[in-house]
Amino acid sequence: HSLYCLNCEKPVSERDVYCPGCGQAVHLHPITMGHIAHDGVHFFLHADKSIFTLAKALAVKTGTVAKEFIEGKRRKYFSPFNFFMIVIGLVVLSMSIFQTFEKENANTQLQLQAIAAQIADPVKKAKVLSLMKRQTNAMFFIKKYSNVISMITVPLLALIFSLFYLKGKYNYAEHLVANMYSTGFTSLVMAFIIIPLSSSGNLYMLMIAMGANILFDIIYRGIFYCRFINRPGAGAMAKALGVSFLAQIIIMVLTFVLMFWYIISGMSGLFN
């Protein structure tokens, strides 16, 4: 056996279990399929630090998870960034299974062509067709790339909450950690409940699913932040729910403004 760590090349002894320099195991075995399978199971199911343990903690303890992670319990919980990115991947997978964006988009394009064919004026026809095409593109983007929107909104959510809790003990980066956890959990609910419910094609069910998703997001994030800030009382809960509601409104208004700007003018000619 080598007297040096195979990872950092620092001296080790036969009695060492882990390298004192980098922490890697001293006695390594050749990689096999069993080793890979073990790592995969350990990644998801390890009792002390798995994505399922974290999801359960976020459901039961909500904001206490982020509070404990920030205050030093880094090995107790799954990394907020890794958790967030895995959940975004699950949202993409769920949408690819339950949604048919390409088919819907193709049908919409055919409908646009049929509508444009009824307009005699070529200038007016081109203008209407361009307007309707951008409207279709905007709806298609929001449906298919909701994961991208979630990634963009997390820093904005962190900014909103950090401003309302400016006198608190947490800085912007710590608010960012909190919102990666909270948004990751609400996105997990969306991937496994909201998206399947809204895939029936029934407009009534779609509206109910969307409304339930927004309401759940507001309530969960409010409870999450009240526990994260760790301020007991009805007043603290009311503030957290109010900020959560306001944050949701700001994001919805900003999304609407950007959509309207794109549909009307292609964002002043930036996009066709």
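Just above, that's the structure.
Residues numbered from 1 in each chain as written. Predicted model: local features only at pLDDT ≥ 70, side-chain atom pairs only at ≥ 80, totals over all residues. Heavy atoms only, no water.

Across the eight residues of helix α3 (residues 63-70), seven count as buried, placing the element largely inside the fold. Among the residues of α3, those classed as buried are Gly63, Val65, Ala66, Lys67, Glu68, Phe69 and Ile70. One or two steps after α3, the chain reaches Gly72, where phi turns positive at roughly 130°. (Buried < 20%, exposed > 50% of the residue type's maximum accessible area, 1.4 Å probe, protein only. Helix = DSSP H or I, 4+ residues; strand = E, 2+ residues; numbered from the N terminus.)

Right, let's get into the packing of aromatic side chains. For the coordinates displayed, the defined rule picks out 13 aromatic pairs. Ring plane angle 85° and centroid distance 5.9 Å describe the contact between Phe69 and Tyr181, whose orientation is recorded as edge-to-face. Of the two residues, Phe69 is situated in helix α3 and Tyr181 in helix α8 (residues 172-197); the sequence distance between them amounts to 112 residues. Among the aromatic residues, those joined into a ring-pair cluster are Phe161, Tyr165, Tyr170, Phe185, Phe216, Tyr220, Phe224, Tyr225 and Phe228. Stacked on the ring of Tyr165, the Lys or Arg Lys239 has its end atom at 4.3 Å from the ring centre. (Phe/Tyr/Trp six-rings, centres within 6.5 Å; stacked < 30°, edge-to-face > 60°. Lys NZ or Arg CZ within 6 Å of the ring centre and 35° of its normal.)

The next subject is the state of the cysteines. Within the structure shown, the criterion is met by zero disulfides. The thiol of Cys5 is unpaired, and the distance to the nearest cysteine sulfur, on Cys22, comes to 3.7 Å. Free of any disulfide, Cys8 has its nearest cysteine sulfur in Cys19, 3.5 Å distant. (Disulfide = S-S within 2.5 Å.)

Counting 46 residues, the largest nonpolar core has Leu54, Leu58, Phe83, Tyr181, Phe224, Tyr225 and Phe228 as the members making the most contacts within it. Of all the secondary structure elements, the ones that give two or more residues to this core are α2 (51-60), α3, α4 (80-98), α7 (146-164), α8, α9 (203-229) and α10 (234-269). Per-element accounting of this core gives the leading share, eleven residues, to α8. In this view, Phe228 contacts Gly63, Ala66, Lys67, Ile70, Tyr170, Glu174, His175 and Ala178; residues no more than four positions away in its chain are not counted. Core analysis: the second largest hydrophobic core is formed by five residues, Met259, Tyr262, Ile263 and Met267 among them. (Core = buried A, V, L, I, M, F, W, Y, C linked by side-chain atoms within 4.5 Å. Contact = heavy atoms within 4.5 Å.)

In this section: the side chain of Glu68. With respect to the helices and strands, Glu68 occurs in helix α3. Engagement of the side chain of Glu68 in a polar contact is seen with the side chain of Tyr77, the distance being 2.4 Å. The contact partners of Glu68, leaving out residues within four places of it in the chain, are Lys61, Lys73, Lys76 and Tyr77. (Polar contact = N/O pair within 3.5 Å; in protein donor to acceptor, adjacent residues only side chain to side chain.)

Here we take up the packing of α4 against α8. Interaxial distance between α4 and α8 falls to 9 Å at its minimum, and their mutual angle equals 20°. Here α8 runs roughly parallel to α4, going by the angle between their axes. Between α4 and α8 lies a crossing of left-handed hand. Here the residues of the contact of α4 with α8 are counted per class, giving 19 nonpolar, four polar and no charged. (Axes fitted to C-alpha atoms, helices over the stretch in contact; angles between N-to-C directions. Parallel < 35°, antiparallel > 145°, perpendicular 65-115°, else oblique. Left-handed = near helix turned anticlockwise from the far one by under 90°. Nonpolar A, V, L, I, M, F, W, Y, C, P; charged D, E, K, R; others polar.)

The backbone of Glu9 shows a phi angle near 65°, a positive value even though the residue is not glycine. Within the secondary structure, Glu9 sits in the segment before α1 (33-45). Its identity as a non-glycine residue notwithstanding, Thr62 has a phi of 45°, on the positive side. Here Thr62 is to be found in the loop between α2 and α3.

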